[in-house]
Amino acid sequence: MPLEGTYEPSPSQWVRDQVELYESSGGTQGTTMRGLPVVLVTNVGVKSGKLRKTPLMRVEHEGAYALVASNGGAVKHPVWHHNLVAFPRIVLRDETREWDMKVRVVSGEERRAWWDRAVEAFPDYADYQLRTDREIPVFVAERIA
Ligand code: F42
């Protein structure tokens, strides 16, 4: 894997627990939230250089994935958003499979198409958007050839 650094677990206990179960089971347990599938995104901390592991809802289309920076509808973007803007490389784990991927923020028509897929995969995203004035950023992750 091309990402280097020491793994720093999330300060949130529930997130830490999900990452640990997902990984220790080889992607066979801890792979859902509210009954819907979740992927794990390893990203590099923009200041610390440490590896962060962030569970996100699974929004897949033709081998690419949307990463929706909803942060539960909070007023601020999640920290991983800033990490990805600064260093747009991740490792994405989808249950038992894992890929090195590059990410980019999408806008306009492309964002709208991915947003529709995201809400279809996880309807709560629509409520999160209503709770906040910020437009929830959407990244697309694509495999590095
Ligand atoms: N969050 C989403 O935004 N979208 C989802 O679809 C989503 C789904 C989901 C499913 C399951 C699950 O368990 C969690 C899920 N979450 C989802 C929550 C998600 O995993 C994150 O916890 C959430 O988005 C908040 O992300 P965050 O990056 O803001 O995490 C905080 C709690 C965090 O880890 N903060 C660290 C800390 O120590 O406070 C900082 C981490 C960091 O990257 N630090 C940088 C560094 O260099 O290391 C420095 C940052 C700076 O600029 O100061």
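For the structure, see preceding data.
Keep in mind the model is a prediction, meaning the values are calculated, not measured.

Student: What should I look at first to understand the environment of S70 in this one?
Tutor: Residue placement: S70 occurs in the loop between β5 (64-68) and α2 (79-86). Distance in space between the C-alpha atoms of S70 and P137 is 7.4 Å, their sequence separation being 67 residues.

Student: Which parts of the structure should I look at to understand the packing of aromatic side chains?
Tutor: Note on aromatic pairs: each is described by the distance of the centres and the angle between the planes. Counted according to the given criterion, the structure contains 6 aromatic pairs. Arranged with centres 6.2 Å apart and planes meeting at 40°, the rings of W115 and Y125 form a pair that is tilted. A residue pair is termed long-range when its members are at least 10 positions apart, and W115 in helix α3 (residues 108-121) and Y125 in helix α4 (residues 124-131) qualify at 10 residues. Each member of the pair, W115 as well as Y125, carries the same accessibility label: buried. Three or more aromatic residues joined by ring pairs form one cluster here, namely W115, F122, Y125 and Y128. Between K53 and the ring centre of Y7, over which it is positioned, the NZ or CZ distance is 4.8 Å.

Student: Quick question: what am I supposed to make of the pattern of salt bridges here?
Tutor: Any two side chains of opposite charge can pair, given that their charged atoms come close. Going through the model one piece at a time under the given rule, you end up with 10 salt bridges. Put simply, E142 and R104 hold a salt bridge, and the shortest N to O gap is 3.2 Å. Remark: R104 occurs in strand β7 (residues 97-105) and E142 occurs in strand β8 (residues 138-143); sequence separation between them is 38 residues. Salt bridges sharing common partners tie together R58, D94 and R97.

Conventions and cut-offs
Residues numbered from 1 in each chain as written. Predicted model: local features only at pLDDT ≥ 70, side-chain atom pairs only at ≥ 80, totals over all residues. Heavy atoms only, no water. Helix = DSSP H or I, 4+ residues; strand = E, 2+ residues; numbered from the N terminus. Phe/Tyr/Trp six-rings, centres within 6.5 Å; stacked < 30°, edge-to-face > 60°. Buried < 20%, exposed > 50% of the residue type's maximum accessible area, 1.4 Å probe, protein only. Lys NZ or Arg CZ within 6 Å of the ring centre and 35° of its normal. Salt bridge = Lys/Arg side-chain N within 4 Å of Asp/Glu carboxyl O.

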